[in-house]
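Chain by chain, the residues:
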Amino acid sequence: MPGGDEPRSYYVGVDVGTGSVRAALVDQRGALLAFADQPINQWEPQFNHHEQSSEDIWAACCIVSKKVVQGVNLHQIRGLGFDATCSLVVLDKQFRPLPVNHEGDSHRNIIMWLDHRAASQVHRINETKHSVLQYVGGVMSVEMQAPKLLWLKENLRETCWDKAGHFFDLPDFLSWKATGVTARSLCSLVCKWTYSAEKGWDDSFWKMVGLEDLVTDNYSKIGNQVLPPGASLGSGLTPEAAKDLGLPPGIAVAASLIDAHAGGLGVIGADVKGHGLACEGQPVTSRLAVICGTSSCHMGISKNPIFVPGVWGPYFSAMVPGFWLNEGGQSVTGKLIDHMVQGHAAFPELQAKATARRQSVYAYLNSHLDLIKKAQPVGFLTVDLHVWPDFHGNRSPLADLTLKGMVTGLKLSQDLDDLAILYLATVQAIAFGTRLIIEAMESAGHSISTLFLCGGLSKNPLFVQMHADITGMPVVLSQEVESVLVGAAILGACASGDFASVQEAMAKMSKVGKVVFPRHEDKRYYDKKYQVFLKLVEHQKEYAAIMKGD
């Protein structure tokens, strides 16, 4: 806590995740003083269609913001920062919601980031082999915005496309709602919309993919004023938004970040002195931030652009100003663990036992694994059970939407031991996926020595230890578990002018909590499991080829 007579400055960070909105009050030392969360609605009208409501999300932002500033001297609140999932918000010319669904329900005006409805559109976009694709690992993901826009144009022409006045990435929608400024963040536009920090929009791309109508009026529908994350927007918080959020009007509001990038910002700059880490004294480019929640993102930065096949980027200044960002990712991680555990026959028994012990199901599973491992290391329980984790396709580094999940080594029994071991094999598979991404990044020119983990899954000690053991790298956890919210608050701190740069705010506001080192004595075992892991996908491709053959 700040000592002496130093006046305290506070910043509010708001994070819109997949299932909830969270807010925190953070001081200038990066200490999280208050926290609140509020669930938000999701709709899945058909398979692979995932929708939300911008009105519902803004209402949730107002609830959590008011909660975290209760009892605080509002004059000490200096700035506000937003981060959110990279979902697509559609509004008409008067900024009213438009339907993104066949039902015509305009309340549901957001296509969520994990929505895969635009598979045929992204396939056609990738077939153009346009030069902008080299900045997304050579292949655009169905989770980016161009395919979703094309889907809207082809499927909802009259009810949505022709009436649309504004297409926002969700983080940019929030900063507009707070300030009335339609300027976009460099983070969203560069990472998800094919914008170039150096050259701007490429007219030829939009014309080639059939979205030439977006070029008109100097790209007014998708953004023609672009600011770096942390830049101050307009005249700050409008009186109307201030009333909604319970904050003082006129405070600085920052250009936003995508949620994973806020997590990266919240962890990657921490001072690691005295922890015996290889990255001490090395440039920040030797660190990989892994933000693991519903899905996982792997953020590595470099001084010069590095092109990694199947890994998004390089994106200039999209997370840390002045650095190029590469972003690997796994489409489902936390969601996959839930899927495997909740779908198992022994799940009701697990739930009952965990509730009786007042534990989460994962804390119970971790202690159950310790019970059944006997004398061997816990990871060795999966010697004959292997999982390939791409139940929702592969984002990185294979960039293959068609890949499926695989499990080999199943038996007839379905008891709690089997569930615990399947859970362990799933966690290991996710860590092997991280290893595959790291290897792709390193072979392209990155040099990574340390992992910095944040997000919901970083609270699970088994998940963390498996990442250390399987990658062979130490894992740094933040003092503040809610690193994404610290990242959002860092944006607000930069916008307020209290720090000279994002880098200075990162160094002062992110702190190391715990370091988990790999068990090097288990390396040979995990190297063998990794060989099996790579064989699984090789075999899956062979099976597909057999079934497609004559």
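Being a predicted model, the structure only gives us computed values, none of them experimental.

1. Some details on the pattern of salt bridges
- Within this structure, the stated rule accounts for 26 salt bridges.
- One salt bridge in this structure joins Glu103 and Arg108, with 2.9 Å as the shortest N-O distance.
- Among the residues examined, Arg108 registers a relative accessible area of 8% and is labelled buried.
- Between Glu327 and Lys192 there is a salt bridge, with the nearest N and O atoms lying 4.0 Å from each other. Pair noted here: Glu327 is in strand β16 (residues 324–330) and Lys192 is in helix α5 (residues 186–192), with a separation of 135 residues, a long-range link.
- Take Lys192: its relative accessible area is 3%, and that puts it in the buried class.
- Here the salt bridges do not stand alone but share partners, grouping Glu51, Glu103, Asp105, Arg108, Asp115 and Arg117 into one network.

2. Remarks on the sheet that holds strand β19 (residues 450–454)
- The strand order across the open sheet built from seven strands is β15-β16-β14-β13-β19-β20-β21, with neighbouring strands paired in mixed fashion. Two strands lie at the open edges of the sheet, namely β15 (312–316) and β21 (512–516), each paired on one side alone. On average, each strand axis in the sheet is tilted by 25 degrees relative to the strand beside it, whichever way the strands run.
- Sheet topology note: the strand β20 (residues 475–478)/β21 ladder contains four bridges and is antiparallel. Paired with Ser478 across the strands is Val512, a residue of β21.
- With respect to the sheet, helix α9 (residues 259–268) is in contact with β13 (287–292), β14 (296–302), β16, β19 and β20, its orientation differing from that of β13 by roughly 135 degrees.

3. Examining the packing of helix α11 (residues 347–356) against helix α12 (residues 361–372)
- Here α11 crosses α12 at 95 degrees, and the two axes come no closer than 9 Å. What the angle tells us is that α11 and α12 run roughly perpendicular. Residues Phe347, Leu350, Gln351, Lys353 and Ala354 of α11 form the contact with α12, whose own contacting residues are Val361, Tyr364 and Leu365.
- Across the contact of α11 with α12, the residue classes break down as six nonpolar, one polar and one charged.

4. With respect to the packing of aromatic side chains
- Within the structure shown, the criterion is met by 19 aromatic pairs.
- Ring geometry for Phe173 versus Trp176: centroids 5.7 Å apart, planes at 50 degrees, classification tilted. In this pair, Phe173 and Trp176 are both assigned in helix α4 (residues 170–179), three residues apart and thus about one turn of the helix distant. Considered together, Phe173 and Trp176 belong to a single accessibility category, that of buried residues.
- An angle of 35 degrees between the planes, with centres 4.4 Å apart, marks the rings of Trp388 and Phe533 as tilted. Note that Trp388 is positioned in strand β17 (residues 386–388) and Phe533 in helix α17 (residues 523–548), a separation of 145 residues in sequence.
- Trp388 gets classed as buried once you look at its relative accessible area, which sits at 1%.

5. Regarding the confidence of the model for the protein chain
- Considering every residue of the protein chain, the mean pLDDT works out to 96; 99% of them sit at 70 or more.
- Across residues 1–5 the pLDDT falls below 50, and counting only partners more than four positions away or on other chains, this stretch makes ten contacts in the model.

6. A look at α11
- Three or more residues of α11 are buried, namely Phe347, Leu350 and Ala354. Buried residues of α11 fall within an arc of 55 degrees about the axis and therefore sit on the same side. Relative to its buried face, α11 has exposed residues pointing more than 90 degrees away, namely Pro348, Thr355 and Ala356.
- The inward-facing, buried residues of α11 abut α10 (334–342), α12 and α13 (416–444).
- Positioned one or two residues after α11, Arg358 has a phi angle of 55 degrees, which is positive.

7. Comments concerning the sheet that holds strand β7 (residues 110–111)
- Taken in spatial order, the four strands line up as β4-β7-β6-β8 in an open sheet, and their pairing is antiparallel. Single-partner strands in this sheet number two, and they are β4 (51–52) and β8 (164–169).
- Bridge analysis of β4 against β7 gives two bridges, and the strand direction is antiparallel. Bridge pairing in β7 links Glu51 to Ile111.
- Sheet strands touched by helix α3 (residues 145–155): β6 (88–92), β7 and β8. Its angle to β6, the strand with the most contacts, is close to 40 degrees.

8. Concerning the pairing of strand β5 (residues 77–84)
- When you tally the buried positions in β5, you get seven out of eight residues, the bulk of the element.
- Note that strand β1 (residues 10–16) and β5 share seven bridges and pair parallel. Looking across to β5, one finds that Gly13 is bridged to Gly81.
- With two bridges connecting them, β5 and strand β11 (residues 252–253) associate as parallel partners. Bridge pairing links Leu80 to Val253 in β11.

9. A short note on the nonpolar core
- Counting 90 residues, the largest nonpolar core has Leu152, Phe167 and Trp206 as its most contacted members.
- Ranked by size, the runner-up nonpolar core spans 66 residues in total, among them Ile306, Met340, Leu369 and Leu462.

Rules used in this analysis
Residues numbered from 1 in each chain as written. Predicted model: local features only at pLDDT ≥ 70, side-chain atom pairs only at ≥ 80, totals over all residues. Heavy atoms only, no water. Salt bridge = Lys/Arg side-chain N within 4 Å of Asp/Glu carboxyl O. Buried < 20%, exposed > 50% of the residue type's maximum accessible area, 1.4 Å probe, protein only. Helix = DSSP H or I, 4+ residues; strand = E, 2+ residues; numbered from the N terminus. Pairing = 2+ DSSP bridges. Axes fitted to C-alpha atoms, helices over the stretch in contact; angles between N-to-C directions. Contact = heavy atoms within 4.5 Å. Parallel < 35°, antiparallel > 145°, perpendicular 65-115°, else oblique. Nonpolar A, V, L, I, M, F, W, Y, C, P; charged D, E, K, R; others polar. Phe/Tyr/Trp six-rings, centres within 6.5 Å; stacked < 30°, edge-to-face > 60°. pLDDT = per-residue confidence, 0-100. Arc of directions from axis to C-beta. Core = buried A, V, L, I, M, F, W, Y, C linked by side-chain atoms within 4.5 Å.

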